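Single-letter residue listing:
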Amino acid sequence: QVQLWESGGGLVQAGGSLRLSCAASGRAFSSYALGWFRQAPGKEREFVAHIRYRGSTYYSDSVQGRFNISRDNDNDMVYLQMNSLKPEDTAVYYCAASWDSSYRNYYLAADFSSWGQGTQVTVSA
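Reading guide: rules and limits
- Residues numbered from 1 in each chain as written.
- Predicted model: local features only at pLDDT ≥ 70, side-chain atom pairs only at ≥ 80, totals over all residues.
- Heavy atoms only, no water.
- Pairing = 2+ DSSP bridges.
- Helix = DSSP H or I, 4+ residues; strand = E, 2+ residues; numbered from the N terminus.
- Axes fitted to C-alpha atoms, helices over the stretch in contact; angles between N-to-C directions.
- Salt bridge = Lys/Arg side-chain N within 4 Å of Asp/Glu carboxyl O.
- Buried < 20%, exposed > 50% of the residue type's maximum accessible area, 1.4 Å probe, protein only.

Q: Can you help me understand the sheet that holds strand β8 (residues 77-82) in this one?
A: The strands making up a sheet associate through hydrogen bonds between their backbones, and the pairing can be parallel or antiparallel. Across the sheet, which stays open at both edges, the 4 strands sit in the order β1-β3-β8-β7 with antiparallel pairing between neighbours. The strands lining the two open edges of the sheet, one partner per strand, are β1 (3-7) and β7 (67-72). On average, adjacent strands in this sheet sit at an angle of 15° to one another, irrespective of strand direction. Across 6 bridges, β7 lies against β8 in antiparallel orientation. Bridge pairing in β8 links S70 to Y79.

Below, the structure written as structure tokens:
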């Protein structure tokens, strides 16, 4: 399994931007599906975005048009650029990875086998 470390969280005002980074260790990074999830207090962990090994991306409706996921296979990194942040984006954000399989859609937490420790994002009104 790959190990993951998130960074880049913090406190930002509504309308602002943050860029989350996730560093990975392990072999064959380019073959992994990568995702970002978030969990707000008292709520279940929810899907934010994923990027497949071929580079296709998918976003939840709540972040579509505001967030952008990207990957750097040369440096084993995945990023989440978050723009036009809203207070409801406040959550702990988690990076996730799993060997990419055509049998999975990677919208569910159960589709991913490796997780980072999370990074807090707080958006003030």
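Q: Explanation requested: the pattern of salt bridges in the structure shown.
A: Side-chain pairs of opposite charge can arise whenever the charged atoms involved come near each other. Following the criterion strictly, the structure yields 5 salt bridges and no others. With its nearest N and O atoms 2.9 Å apart, the salt bridge here joins R38 to D89. Of this pair, R38 sits in strand β4 (residues 32-39) while D89 sits in the loop between β8 and β9 (91-99), placing them 51 residues apart in sequence. A salt bridge links R66 to D89, with the shortest nitrogen-to-oxygen separation between them at 2.8 Å. With a gap of 23 residues between them, R66 in the loop between β6 (57-59) and β7 and D89 in the loop between β8 and β9 connect regions that are remote in the sequence. Among the charged side chains, a network of salt bridges with common partners joins R38, E46, R66 and D89.

Q: Got a minute to help me understand the pairing of β1 in this structure?
A: Moving residue by residue along a regular strand, the side chains alternate between the two faces of the sheet. A one-sided burial pattern is seen for β1, the buried positions being L4 and E6 and the unburied ones Q3, W5 and S7. Sheet analysis places β1 next to strand β3 (residues 18-25), joined by 5 bridges and oriented antiparallel. Bridge pairing in β3 links S7 to S21.

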